[in-house]
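Per-entry structural report
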Amino acid sequence: MKLRILHVVPTYLPATRYGGPIYSVHGLCRGLAARGHETHVYTTDVDGSGVSDVPLAVPVERDAVRVTYFPTGRGRRLYRSPTMGQRLKADVATFDIVHVHSVFLWPTSAAALQARRANVPYVVSPRGMLVADLIAKKSSLLKRAWIEAFERRNIAEASAVHVTAEIEAEEIRRLGMKVRRVAVIPNGTDFPGPSQFERALETPDPVVVFLGRLNWKKGLDRLIPAMVKVPNAKLIIAGNDEEN
């Protein structure tokens, strides 16, 4: 059965500054398109303090995925896009399923709302953002207010919540959220051929690689001191800088 699928995500390629979800969401969409599903993405043109050089409000094909970028308006920090809102209201009923990626942001809550109104099943991927410690450490009051206003219902009425590890599912339960179904599915990975980087790792010593954006929430403050417990190991930290 071939499906018509809509993914809604605040940012997308070529805005690679936002790290892993940019690649994993596109990898998922590319894989669905390769299976013959009609795969669409609605996103914004936000790229840091600027915007991506992309056409607006018309589909752009990326690896057989039809990506439509929308401009943001007032409320840019939440990726609010009135133009996207109009298209979601008009289009959601034409899809078989909607998959929203991330929480605490306007596009995903808007898409979940329109999916409920159109009686279209939807899936939520929080992308690691519904973690109690992370909520407590940054903008805690705002995030908890957003949960009560939007996310608790978004999660409860989703056909499924997709997480990449069991610990993420446990964190959602710790927040007291009702969930119909939790699907634990790790991100897919493309394995490239031998590269200069791989050849450089040809060493008898253990090698630990941290691969991801350099951000306070990634736990480098625990990884680096822990390396004293791994004798003779080499630590490679590879990723784009974020927040200086």
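Higher on the page you've got the structure.
Presented here is an overview of the structure given in this document.

The rules behind the values
- Residues numbered from 1 in each chain as written.
- Predicted model: local features only at pLDDT ≥ 70, side-chain atom pairs only at ≥ 80, totals over all residues.
- Heavy atoms only, no water.
- Phe/Tyr/Trp six-rings, centres within 6.5 Å; stacked < 30°, edge-to-face > 60°.
- Helix = DSSP H or I, 4+ residues; strand = E, 2+ residues; numbered from the N terminus.
- Buried < 20%, exposed > 50% of the residue type's maximum accessible area, 1.4 Å probe, protein only.
- Pairing = 2+ DSSP bridges.
- Axes fitted to C-alpha atoms, helices over the stretch in contact; angles between N-to-C directions.
- Arc of directions from axis to C-beta.
- Contact = heavy atoms within 4.5 Å.
- Right-handed = clockwise from strand over helix to strand, strands pointing away.
- Core = buried A, V, L, I, M, F, W, Y, C linked by side-chain atoms within 4.5 Å.

Attention now moves to the packing of aromatic side chains. In this description, an aromatic ring pair is defined by two values, namely the gap between the centres and the angle between the planes. Tallied over the full model, the rule gives three aromatic pairs. Measuring from centroid to centroid gives 4.6 Å for Trp146 and Phe150, while their planes differ by 50°, and the two rings are tilted. Of this pair, Trp146 and Phe150 both sit in helix 5 (residues 140-156), four residues apart, which is roughly one turn of the helix. A relative accessible area of 38% means that Phe150 is categorised as partly exposed.

Pairing is mixed in the open sheet, where eight strands are placed in the order 5-6-2-1-7-8-9-10. What marks the edges here is a single partner per strand, and that holds for strand 5 (59-62) and strand 10 (182-184). Between one strand axis and the next, the sheet turns through 25° on average, direction left out of account. As judged from the four bridges shared by strand 1 (residues 4-8) and strand 7 (residues 97-101), these two strands associate in the parallel manner. Counted as the bridge partner of His7 is His99 from strand 7.

Turning to helix 6 (residues 166-174), its buried residues are Glu168, Ala169, Glu171 and Ile172. On an axial view of helix 6, the arc spanned by its buried residues comes to 160°, and they lie on one face. Seen from the open side of helix 6, the exposed residues pointing more than 90 degrees away from its buried face are Ile167 and Arg174. Looking at the buried side of helix 6, the elements it contacts are helix 4 (132-137), strand 9 (160-163) and strand 10. Within two residues after helix 6, Gly176 carries a phi angle of roughly 75°, on the positive side.

With an omega dihedral of 10°, the bond running from Leu13 to Pro14 counts as a cis peptide bond. Of note in this structure, Arg127 is not a glycine but carries a positive phi near 55°. Inspection of the secondary structure assignment puts Arg127 in the loop between strand 8 (122-125) and helix 4. Although it is not a glycine, Ser139 sits at a positive phi angle of roughly 50°.

Tracing the sequence through the fold places Ala183 in strand 10. Here the alpha-carbon distance between Ala183 and Ala165, two residues 18 residues apart in the chain, equals 9.2 Å. If sequence neighbours within four positions are ignored, Ala183 has contacts with Val161, His162 and Val163.

All right, on to the pairing of strand 5 then. Bridging between strand 5 and strand 6 (residues 65-70) involves four bridges; their strand directions are antiparallel. Note on strand 6: the bridge partner recorded for Glu61 is Arg66. The turn linking strand 5 back onto strand 6 is made up of two residues, and Asp63 within it adopts a positive phi angle of 55°.

In terms of burial, strand 7 is largely enclosed, as four of its five residues are buried. When strand 7 meets strand 8, the two strands line up parallel, connected through four bridges. Note that in strand 8 the partner of Val98 across the bridge is Tyr122. Crossover handedness for the path strand 7 to helix 3 (residues 106-118) to strand 8: right-handed.

Moving on, we get to the nonpolar core. Grouped together as the largest cluster of nonpolar side chains are 32 residues, with contacts concentrated most on Leu6, Val8, Leu88, Val98 and Leu130. Contacts of Leu88, omitting those with residues within four sequence positions, involve Leu6, Val8, Tyr42, Pro107, Ala110, Ala111 and Gln114. The next biggest cluster of nonpolar side chains, apart from the first, holds 18 residues, and it includes Leu13, Ala15, Val41 and Tyr69.

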